[in-house]
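Listed here are the chains, written in short residue letters.
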Amino acid sequence: MSNQKQYTRAEVEAQNTQNATLFVIHNKVYNVTPFLDEHPGGHEVLVGVGGTDASEDFDDIGHSIDARDIMKKYLVGEIVESERVEKAKKIVKWDDVKNDGGSGFLSIWRIPLIAAVVASLVYLYFT
Ligand code: HEM
């Protein structure tokens, strides 16, 4: 059990006010109030995701190692174990892969199909 302060998602939402901006990134809670005016992406985006889970927004930008370093300064706690979520990124990627390549039948059978055609041609050629 870690000794970080435990938050429920409802608590993060409740503590995000006009005077304080808190959000969740990958099950960690950040209070970025002192950072708002320093954020290179502007304070509006941070205020905009205040009280919510900003993991996807944060990842979508492709924040640098520097940014990930800076954020440690604003870490105030973590989400209680029962409300943590796995990284959504991996699931989305798998969906992307599954939905890629058009028709399901062709995308699954493309390689064995090509192999079968090649094998038949080789067979016909040599017999
Ligand atoms: C504690 C959390 C955060 C920290 C420390 C942080 C830090 C930074 C830093 C250092 C940059 C400059 C570029 C880089 O080094 O990657 C940046 C850019 C940016 N950030 Fe954040 N950021 C945080 C959260 C967020 C969130 C939650 C969002 C979106 C809702 C966001 C949106 C952006 C955008 C739009 C840019 C500008 C990208 C560009 O100009 O190309 N950031 N951030």
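Above this text you will find the structure in question.
Presented here is an overview of the structure given in this document.

Turning our attention to the overall build of the chain. When you go through the chain residue by residue, the secondary structure sums to six helices and four strands. In sequence order, the chain lays out its α and β elements as β-α-β-β-α-α-α-β-α-α. Within the chain, the proportion of its 127 residues that are buried is 25%. Long-range pairs, those at least 24 residues apart, make up 65% of the contacts in the chain between residues at least 6 apart in sequence. Split by element, the accessible area of the chain, about 9,500 Å² in all, is 59% carbon and sulfur.

Near the ligand, the surroundings consist of 18 residues, among which His39, Pro40, Leu46, His63 and Ser64 are the closest. Between His39 and the ligand, the recorded distance is 2.8 Å, taken from a side-chain N or O atom to a nitrogen atom. Ser64 places a side-chain nitrogen or oxygen 2.5 Å from an oxygen atom of the ligand. Spatially, the ligand is embedded in the largest pocket. Sorting the residues of the shell around the ligand by element identifies helix H2 (43–48), helix H3 (55–61) and helix H4 (65–71) as the ones contributing at least two each. The residue inventory of the shell around the ligand, partitioned by class, reads 13 nonpolar, four polar and one charged.

So, on to the coordination of the iron atom of the ligand. With distances of 2.0 Å, the protein atoms coordinating the iron atom of the ligand are His39 (NE2) and His63 (NE2). Of note is the iron atom of the ligand, whose six donor atoms meet at the metal with angles of 86 to 179° in an arrangement that counts as octahedral. Taken together, the residues His39 in the loop between strand S3 (28–31) and H2 and His63 in the loop between H3 and H4 connect sequence positions 24 residues apart. The exposure class of His39 is buried, given its relative accessible area of 14%.

Attention now goes to the layout of surface pockets. When its volume is computed, the largest pocket comes out at roughly 430 Å³. At the level of elements, strand S2 (22–25), H2, H3 and H4 are the ones that each hand at least two residues to the lining of the largest pocket. In terms of residues, the lining of the largest pocket owes the most to one element, H4, which gives four residues. Across the lining of the largest pocket, the residue classes tally to 16 nonpolar, four polar and two charged.

Right, let's get into the sheet that holds strand S4 (residues 75–79). Spatially, S1-S4-S3-S2 is the arrangement adopted by the four strands of the open sheet, whose pairing is mixed. For this open sheet the edge positions go to strand S1 (6–7) and S2, each flanked by a neighbour on one side alone. Both S2 and S3 contribute to a ladder of four bridges, which runs antiparallel. Counted as the bridge partner of Leu22 is Asn31 from S3.

Cut-offs applied
- Residues numbered from 1 in each chain as written.
- Predicted model: local features only at pLDDT ≥ 70, side-chain atom pairs only at ≥ 80, totals over all residues.
- Heavy atoms only, no water.
- Helix = DSSP H or I, 4+ residues; strand = E, 2+ residues; numbered from the N terminus.
- Buried < 20%, exposed > 50% of the residue type's maximum accessible area, 1.4 Å probe, protein only.
- Contact = heavy atoms within 4.5 Å.
- Areas by Shrake-Rupley, 256 points an atom, 1.4 Å probe, with all protein chains shown as cover.
- Near = heavy atom within 4 Å.
- Polar contact = N/O pair within 3.5 Å; in protein donor to acceptor, adjacent residues only side chain to side chain.
- 1 Å grid on protein atoms, 1.4 Å probe; cavity = no way out; pocket = protein on both sides within 12 Å on 5 of 7 lines; lining within 4 Å.
- Sits in = over half its atoms within 2 Å of the grid points.
- Nonpolar A, V, L, I, M, F, W, Y, C, P; charged D, E, K, R; others polar.
- Donors = N, O, S within 2.8 Å, 3.2 Å for Na, K, Ca; no water.
- Tetrahedral: all angles 85-135°; square planar, octahedral: opposite > 155°, others 65-115°.
- Points joined across faces, edges and corners; volume = space filled by probe spheres on them.
- Pairing = 2+ DSSP bridges.

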